[in-house]
Amino acid sequence: VLPSPRASVEWIPGWKRDVCFRLATGLYYQAPFYKELRDTLTDELGITRIRLNRDLKAQRSVHVVLGSDYYFRAWGRPFKLTAEAYYKYIDRMESYTVDNVRVRYSGKNDSEGFAAGLDLKLYGELVPGADSWISFSTMAARQRFVKPSGISNQPSDWMPSPNEQRWNFSMLFQDYIPRLPQLKFHIKMQFADGQMYYLPNVVRTAASGRHMPAYKRIDLGATYVFNEKTAKFMRAPSAKHVKQWAIQFEVFNIVGWRNVNSYFVLYDAESKPWLSPNYLTGRRYNLKVTVDLR
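These figures come from a predicted structure and were not determined experimentally.

Enquirer: An account of the overall build of the protein is requested, with residue identities and associated values reported.
Expert: A count of helical and extended segments in the protein gives one helix and 20 strands. Here the protein has a C-alpha radius of gyration of 25 Å; the compact-globule value for 294 residues is 19 Å, and the former is much larger. Dimensions along the principal axes, computed over C-alpha positions, put the protein at roughly 80 × 55 × 35 Å. Across the 294 residues that make up the protein, the buried fraction comes to 29%. Contacts in the protein between residues far apart in sequence, at least 24 positions, make up 58% of those at least 6 positions apart. Accessible surface, the protein: about 19,000 Å² in total, of which carbon and sulfur atoms supply 58%. Once the 42 positive and 27 negative side-chain charges of the protein are each reduced to a mean point, those two points are 7 Å apart.

Take a look at the structure:
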């Protein structure tokens with residue numbers, strides 16, 4: 001039995017009805033799956049065998065989130081500013097390494113960690129009837145080994161977690177032609193710090209990690225909506241069960257930036273590592289049709 005108590009409270013002060021504060025906390029468990037249960041054992045002959053670690057415990061974390069929403073009007077249009085600060089402590093963690101595109105779990109509850117950060121997001125209608133937003137996030141994530149390999153059983157030094165992303169900026173802007181409001185255009189941008197990377201089969205320390213190059217992406221798209229107000233055929237009896245349908249065309253990563261996902265590591269005769277990057281998907285085209293039934 002893994003109890004997971006959670007609580008949240010929300011407060012709207014009497015002196016400001018368009019401001020809301022909220023506090024949430026809870027205890028969470030993440031049950032291990034098969035790849036996490038696998039434990040590798042190497043004998044004195046150098047033969048490695050794999051067994052399931054049936055003593056592996058579920059990873060446990062405590063969350064605390066403090067947030068607020070502020071509603072206001074600017075330039076005659078509604079806006080909403082959301083801010084959230086969070087802290088998360090995790091124990092009974094299972095460390096992992098990334099080898100090329102393969103994730104290797106240690107199979108042991110060998111580490112602990114924490115993450116703390118701030119999320120800011122501004123929603124608004126820069127043009128009536130079209131939502132847009134802009135957001136900025138910052139996060140620090142640390143991890144240490146509780147029982148590192150070696151003679152000492154003292155915890156290791158704190159080091160950046162593999163999932164640490166120190167900053168992230170993104171935005172979405174939508175617009176439409178005034179005489180053709182059913183045709184909307186949007187642009188989405190995202191720029192983020194590269195995640196931490198550690199060489200596989202190397203003792204992990206605070207100085208051995210490095211950040212991948214920053215993530216960059218810009219998407220463009222257009223959406224045309226058909227309903228009773230914009231298309232005559234939608235008022236026909238044969239279309240009575242369809243509320244509206246839309247067709248959307250998007251170009252993902254229109255600039256074609258090559259974002260690094262991981263590295264393929266090669267070693268030369270002097271055991272010096274050489275990193276060959278694995279890139280994420282480049283420019284792609286997407287066509288989507290959505291139907292809303294009554």
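Enquirer: Lay out the pattern of salt bridges in plain terms, naming residues and giving numbers.
Expert: In this structure the tally under the stated criterion is nine salt bridges. R22 is the partner of E84 in a salt bridge, and the nearest nitrogen-oxygen pair spans 2.9 Å. With E84 in strand 6 (residues 77–93) and R22 in strand 2 (residues 19–30), this pair connects stretches of sequence that are 62 residues apart. Overall, E84 belongs to the partly exposed group, its relative accessible area being 26%. What makes R22 partly exposed here is its relative accessible area of 21%. Ionic pairing is found between R294 and E228, a salt bridge with its closest N-O pair at 2.6 Å.

Enquirer: Tell me what's going on with the environment of K147, and back it up with residues and numbers.
Expert: The residue K147 is located in the loop between strand 10 (130–145) and strand 11 (159–160) in this model. In the structure, K147 is positioned 38 residues away from N109 in sequence and 9.1 Å away in space, judged by C-alpha atoms.

Enquirer: Outline the packing of aromatic side chains, supporting the account with residue identities and numerical values.
Expert: Enumeration over the complete set of coordinates arrives at 14 aromatic pairs. For the ring pair Y197 and Y263, a centre distance of 5.1 Å and an interplane angle of 65° mean the geometry is edge-to-face. Taken as a pair, Y197 in strand 14 (residues 196–197) and Y263 in strand 18 (residues 260–267) lie far apart in primary sequence, 66 residues in all. In this pair, the class of Y197 matches that of Y263, namely buried. With centroids separated by 4.5 Å and ring planes inclined at 15°, the aromatic side chains of F226 and W245 adopt a geometry described as stacked. Here W245 lies in strand 17 (residues 242–252) and F226 lies in strand 16 (residues 215–226), a separation of 19 residues in the sequence. Cluster of aromatic residues (ring-pair linked, three or more members): Y70, F72, W75 and F79. The ring centre of Y123 lies 5.5 Å from the NZ or CZ of K80, which sits over that ring. In this structure, R204 packs its charged tip against the face of Y198, placed 4.8 Å from the ring centre.

Conventions we followed
- Numbers given to residues run from 1 along each chain, matching the order in which its sequence is written.
- Predicted model: local features are reported for residues with pLDDT of at least 70 only, side-chain atom pairs are reported and counted for 80 or more only, and whole-chain, interface and lining totals are derived from all residues.
- To obtain the side-chain values, all non-hydrogen atoms of the structure were used and water was disregarded.
- Secondary structure follows DSSP: runs of H or I at least 4 residues long count as helices, runs of E at least 2 residues long count as strands, and numbering of each begins at the N terminus.
- Two things to know: the radius of gyration comes from C-alpha atoms, and the globule rule equals 2.2 Å times the number of residues to the power 0.38.
- Only protein chains enter the accessibility calculation, which uses a 1.4 Å probe; a residue is then buried when its area is under 20% of its type maximum, exposed when over 50%, and partly exposed in between.
- Residue contacts are defined here by distance: any two heavy atoms, one from each residue, within 4.5 Å place the two residues in contact.
- Methods summary: accessible areas were calculated by the Shrake-Rupley approach with a probe of 1.4 Å, and residue burial reflects only the protein chains presented.
- Counted as positive: Lys and Arg. Counted as negative: Asp and Glu. His and the chain ends are not counted at all.
- Working definition for charges: the position is that of NZ of Lys, CZ of Arg, CG of Asp or CD of Glu.
- Salt bridges are defined by distance alone: a side-chain nitrogen of Lys or Arg within 4 Å of a carboxyl oxygen of Asp or Glu.
- Pairing of aromatic rings covers Phe, Tyr and the six-membered ring of Trp, with a centre-to-centre limit of 6.5 Å; geometry is then stacked below 30 degrees between planes, edge-to-face above 60, and tilted otherwise.
- Ring-over charges, as used throughout, are those where CZ of Arg or NZ of Lys falls within 6 Å of the ring centre and within 35 degrees of the ring normal.

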